[in-house]
Amino acid sequence: MPGFGTNGPSVAVARRAGSRRRERFIQQLFLLPAVAYILIFFGYPVVKNVVMGFQNYSMKSFFTGKAPWVGLQNYESVVSSPIFSSALINTIVFTICSIAGQFVIGLAIALYFRKRFPLNDLLRSLILLPWLLPLIVSSAIWRWLLDQDNGALNRILELLLLADRPGWLTTTSLSLVACILVNIWIGIPFNVAILYSGLQEIPEELYEAGQLDGATGWTAFRWITWPLMRPVVSVVLMLGVIYTLKVMDLILGLTGGGPANSSQTLATQSYHLSFVQFQFGQGAAMANILVAISLIFALLYLYINKFAGKS
Amino acid sequence: MANVAIRSVNKYYGAFHALKEINIDIADGDFVVLVGPSGCGKSTLLRMIAGLEDISSGEVEIGGQVINDLLPQERDIAMVFQNYALYPHMTVAENMSFALRLARVPKPERDAKVTRAAAILGLENLLDRRPAQLSGGQRQRVAMGRAIVRDPQVFLFDEPLSNLDAKLRVQMRAEIKELHERLGTTTIYVTHDQIEAMTMADRIVVMQNGEVAQVGAPLDLYDLPRKKFVAGFIGSPAMNFLSGHAKAGHFLTSDGIELPLGPNAAVEGDDLSYGIRPEHLRLGDSGVPMHVTVVEPTGAETQVLGRIGEQPVVCAFRERLDIRPGAVIHVLPDEDKLHIFGKDGHRLN
């Protein structure tokens, strides 16, 4: 068989290449469910929302199926409306104050839990409770606690003669403060969990070496804990910003964005436009602005994460 | 530099008595090695000297001053940790000068000290690197540099070589010893490795179950161990112990084999241990019969593992021998180098 020796190898190579292609096809098949899920549940809504932002999409559109293209008109009217600037400022204040409060208290608690004391584990898991409650449940409970006439907080303040029944949820000067306080309460567990695990990563020996070098207490925090926690801190802050920017259910449950839009943020305003005023196009435009802002922080987060992974 | 005195020191963890009435005197400039198996309390004792553990009772003195209530940084000591404990976010130079920086030593002085220590340890080219960019041996050197820079009264080493590979360990062992010769600083060194202890120490403290089993110069411990534990712990391969009883100048193993007692004929009793180091067994035409099970030629010597009666025995012969597993050889114990231990583990001869 003279041909066998020359044909054999090339046939084998071709067969091997074929089987490799087949294998790769099967591998990609396994990705299909995940890809389909992302496309249907993430891709479609995002694209639809972006398109809606350029359309005059109202209740009528649901019946007629027609939503005329209006270009940037939705964005123009959303941005030029007087509520936008106050909602933007509220969003910034809400985000910065919430993050600052959550982070500082969360870090303090995480540091405290590094010490060994009885029931440490139990208390640490209890602290996660606010995180486990549905936001709408939390806001219902806090609405009750913060009630002007019958709320527990005002009763206590009254007993201590500290204040005369402030209207936490009904006064324009206090409604955003109340929302921030409740959001801090909700955000603490997340901060504690991540920061505590970050602290656990720092070897005890470094603190012992620190003790011999003269770094204890605040000095140890300044020179050992803080520099080694920096990557974790960046991640916590970035994720915190992304989560806080989109907080909506909590504010809706507490104040509904009121009184007189005093606790209205971009997220709640987007909800109002879409589902109270049924201006779906404008609501979508508002939501897209929010997504764009979040995206900046999300990219920052990815960048920092990559950097932290490298170092 | 200073002497260190440990007086009646005890350590309790709750009800557990971890260290029991420890008394050790360390002379100025001595290199003392605390050695013992895991859990014997050697690291705890070191950490108590460093101030990382409380002293339950008793006193520790450095240079004549009781330091029980001083903070670690006030004790004028420097410690090298098992995992080096270098600050990962600082460069080598920053790691080495950290203590001086916190003590507000002026920068020129700090730099001078770091440069000097780096020169001693051959770290000059690594000063700008971070610990993650260094090899194990280099990290070890930086940890030592950090200690040297502080110019302390006492160096403490906590199993500093246990994370290095065998070859590097031998090299670093010599370097630490050389460093001690050069600086002359009182050094307390903890290890579980008896070879490290033997090769490095001026004096060895053997610890067992939270107590000091014996203190002495390396060869004194080797030649005259006062307890069976010390005899078995010091020396490699370890001393052979054959159980049996002695009566009227004869030692009979539990298998009924007679072993010579030589000058120790006066020893009598039941449940005794007949201790003989592997290198103190000679090959002979007559003598105690030994069944060979394994032969290990190391080049420098030939180790022969086997049994006398039913009891395991190791011999180390200087010669290269053609002995096969399964053979029966005859061995003669060097009668001047016997160690006889009683039932309670104390030396009888």
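Residues numbered from 1 in each chain as written. Chains lettered and ligands numbered in written order. Predicted model: local features only at pLDDT ≥ 70, side-chain atom pairs only at ≥ 80, totals over all residues. Heavy atoms only, no water.

Engineer: Would you mind showing me how to read the layout of surface pockets here?
Structural biologist: Residue and element names in this part refer to chain A. Of the volumes computed, that of the largest pocket is approximately 1100 Å³. Around the largest pocket sit 40 residues that line it, and Ile242, Tyr243, Lys246, Val247 and Leu290 are the ones nearest its centre. The element contributing the most residues to the lining of the largest pocket is helix α14 (residues 280-310), with nine residues. For the lining of the largest pocket, the residue count by class is 26 nonpolar, twelve polar and two charged. (1 Å grid on protein atoms, 1.4 Å probe; cavity = no way out; pocket = protein on both sides within 12 Å on 5 of 7 lines; lining within 4 Å. Points joined across faces, edges and corners; volume = space filled by probe spheres on them. Helix = DSSP H or I, 4+ residues; strand = E, 2+ residues; numbered from the N terminus. Nonpolar A, V, L, I, M, F, W, Y, C, P; charged D, E, K, R; others polar.)

Engineer: Please clarify how the packing of helix α4 (residues 82-114) of chain A against helix α9 (residues 175-200) of chain A should be interpreted in this entry.
Structural biologist: A pair of packed helices can be characterised by two numbers: the angle between their axes and the separation between those axes. All names here are of chain A. Where α4 meets α9, the closest approach of the two axes is 6 Å, and the angle between their N-to-C directions is 40°. Between α4 and α9, the interaxial angle falls into the category oblique. Taken as a pair, α4 and α9 cross one another with a handedness that is right-handed. (Axes fitted to C-alpha atoms, helices over the stretch in contact; angles between N-to-C directions. Parallel < 35°, antiparallel > 145°, perpendicular 65-115°, else oblique. Left-handed = near helix turned anticlockwise from the far one by under 90°.)

Engineer: I'm lost on the nonpolar core in this one. Help?
Structural biologist: Buried together is how nonpolar side chains tend to be arranged in soluble globular proteins. Residues Leu45(B), Leu156(B) and Ile188(B) are the most contacted members of the largest nonpolar core, which totals 74 residues. If you tally residues by element for this core, the top one is α9(A), at twelve residues. With near-sequence residues (within four places) excluded, Leu45(B) lies in contact with Ile6(B), Val9(B), Leu19(B), Ile22(B), Ile24(B), Leu34(B) and Met207(B). Core analysis: the next-biggest nonpolar cluster, separate from the first, contains 45 residues, Ala117(B), Leu126(B), Leu164(B) and Ile234(B) among them. (Core = buried A, V, L, I, M, F, W, Y, C linked by side-chain atoms within 4.5 Å. Buried < 20%, exposed > 50% of the residue type's maximum accessible area, 1.4 Å probe, protein only. Contact = heavy atoms within 4.5 Å.)

Engineer: What's the story with the domain arrangement of chain B in this structure? I'm lost.
Structural biologist: How big an interface is tends to be reported as the loss of accessible area on association of its parts. Residues and elements named next belong to chain B. Each assigned domain of chain B is listed with its residue range as follows: domain 1 (4-232) and domain 2 (238-341). The C-alpha centroid of domain 2 is placed 38 Å from the C-alpha centroid of domain 1. Tallying the contact residues gives nine residues for domain 1 and eight residues for domain 2. Summing both partners gives a buried area of about 700 Å² for domain 1 against domain 2, and 58% of it is carried by carbon and sulfur. Among the residues domain 1 hides against domain 2, the three largest losses belong to Tyr222, Lys228 and Ala231. Together they make up 70% of the total. Taken together, the connections running from domain 1 to domain 2 amount to zero salt bridges. For the side of domain 1 that touches domain 2, the elements supplying multiple residues, two or more each, are α7 (218-223) and α8 (228-233). (Domains from an automatic or database assignment. Buried area = accessible area lost by both parts, 1.4 Å probe. Salt bridge = Lys/Arg side-chain N within 4 Å of Asp/Glu carboxyl O.)

Engineer: Mind showing me how you'd approach the packing of aromatic side chains here?
Structural biologist: This model, assessed by the stated rule, comprises 27 aromatic pairs over all chains. When the centroid spacing of 5.1 Å and the interplanar angle of 40° are considered together, the rings of Tyr37(A) and Phe41(A) count as tilted. You can see Tyr37(A) and its partner Phe41(A) sitting in helix α1 (residues 2-52), four residues apart, about one turn around the helix. Judged by centre distance (5.4 Å) and plane angle (70°), the ring pair of Phe190(A) and Tyr243(A) falls under edge-to-face. Of this pair, Phe190(A) sits in helix α9 while Tyr243(A) sits in helix α11 (residues 217-245), placing them 53 residues apart in sequence. Assessed through its relative accessible area of 41%, Tyr243(A) is described here as partly exposed. An aromatic cluster is present here, built from Tyr57(A), Phe62(A), Tyr271(A), Phe275(A), Phe278(A) and Phe280(A) joined pairwise through their rings. A cation over an aromatic ring shows up here: Arg222(A) above the ring of Trp223(A), its NZ or CZ 4.1 Å from the ring centre. The ring of Tyr87(B) is capped by Arg146(B), whose NZ or CZ atom sits 5.2 Å from the centre of that ring. (Phe/Tyr/Trp six-rings, centres within 6.5 Å; stacked < 30°, edge-to-face > 60°. Lys NZ or Arg CZ within 6 Å of the ring centre and 35° of its normal.)

Engineer: Even after reading the chapter, I still don't get the pattern of salt bridges, so can you show me in this structure?
Structural biologist: Any two side chains of opposite charge can pair if their charged atoms end up close together. Counted according to the given criterion, the structure contains 16 salt bridges over all chains. Arg7(B) is the salt-bridge partner of Glu61(B), the closest N and O atoms lying 3.9 Å from each other. One end of the pair, Glu61(B), is in strand β4 (residues 57-62); the other, Arg7(B), is in strand β1 (residues 4-13), and 54 residues separate them in sequence. According to the relative accessible area criterion, Arg7(B) is partly exposed, its value standing at 35%. A salt bridge links Arg203(B) to Asp30(B); the shortest N-O distance between them is 3.7 Å. Remark: Asp30(B) occurs in the loop between β2 (16-26) and β3 (31-35) and Arg203(B) occurs in strand β9 (residues 203-208); sequence separation between them is 173 residues. The partly exposed category is assigned to Arg203(B), whose relative accessible area is 25%. Look at the salt bridges and you will find they share partners, linking Glu208(A), Lys11(B), Arg47(B) and Glu53(B) into a network.

Engineer: Teacher, can you tell me more about the interface of chain B and chain A here?
Structural biologist: Counting residues at the interface gives 24 residues for chain B, matched by 16 residues for chain A. Buried surface at the junction of chain B and chain A, summed over both partners, amounts to about 1700 Å²; 64% is from carbon and sulfur atoms. Interface area lost by chain B to chain A is led by Tyr87(B), His89(B) and Leu102(B), which between them contribute 28%. Applying the counting criterion to the chain B and chain A interface returns two salt bridges. For Arg47(B), the salt bridge goes to Glu208(A), with nearest N and O atoms at 2.5 Å. Counting across the chain B and chain A interface gives six residue pairs in polar contact (both at pLDDT 80 or more). (Polar contact = N/O pair within 3.5 Å; in protein donor to acceptor, adjacent residues only side chain to side chain.)

Engineer: What is the right way to read the side chain of Arg173(B) from this model?
Structural biologist: All names here are of chain B. Inspection of the secondary structure puts arginine 173 in helix α5 (residues 166-183). An unpaired buried charge is present at arginine 173: no salt bridge exists, and aspartate 193, the closest side chain of opposite charge, is 5.0 Å distant. Setting aside its immediate chain neighbours within four residues, arginine 173 contacts Leu161, Ile195, Glu196, Thr199 and Met200. (Lys, Arg positive; Asp, Glu negative; His and termini not counted.)

Engineer: Whenever I open this one, the domain arrangement of chain A confuses me. Can you help?
Structural biologist: Once the domains are mapped, chain A shows domain 1 (2-42) and domain 2 (74-310). The C-alpha-based centres of domain 1 of chain A and domain 2 of chain A are spaced at 49 Å.

Engineer: Could you clarify how one ought to interpret the sheet that holds β3(B) in this entry?
Structural biologist: Adjacent strands of a sheet pair through backbone hydrogen bonds, lying either parallel or antiparallel. Residue and element names in this part refer to chain B. Taken in spatial order, the six strands line up as β6-β7-β8-β3-β9-β10 in an open sheet, and their pairing is mixed. Strands with a single pairing partner mark the edges of an open sheet, and in this sheet they are β6 (77-80) and β10 (211-216). Within the sheet, the average angular offset between the axes of one strand and its neighbour, ignoring direction, is 20°. One ladder, built from four bridges, connects β3 with β9; its direction is parallel. For valine 32, the partnering residue across the bridge sits in β9 and is arginine 203. Here helix α4 (residues 136-149) sits on the sheet in contact with β6 and β7 (154-158), set at roughly 175° to β6. (Pairing = 2+ DSSP bridges.)

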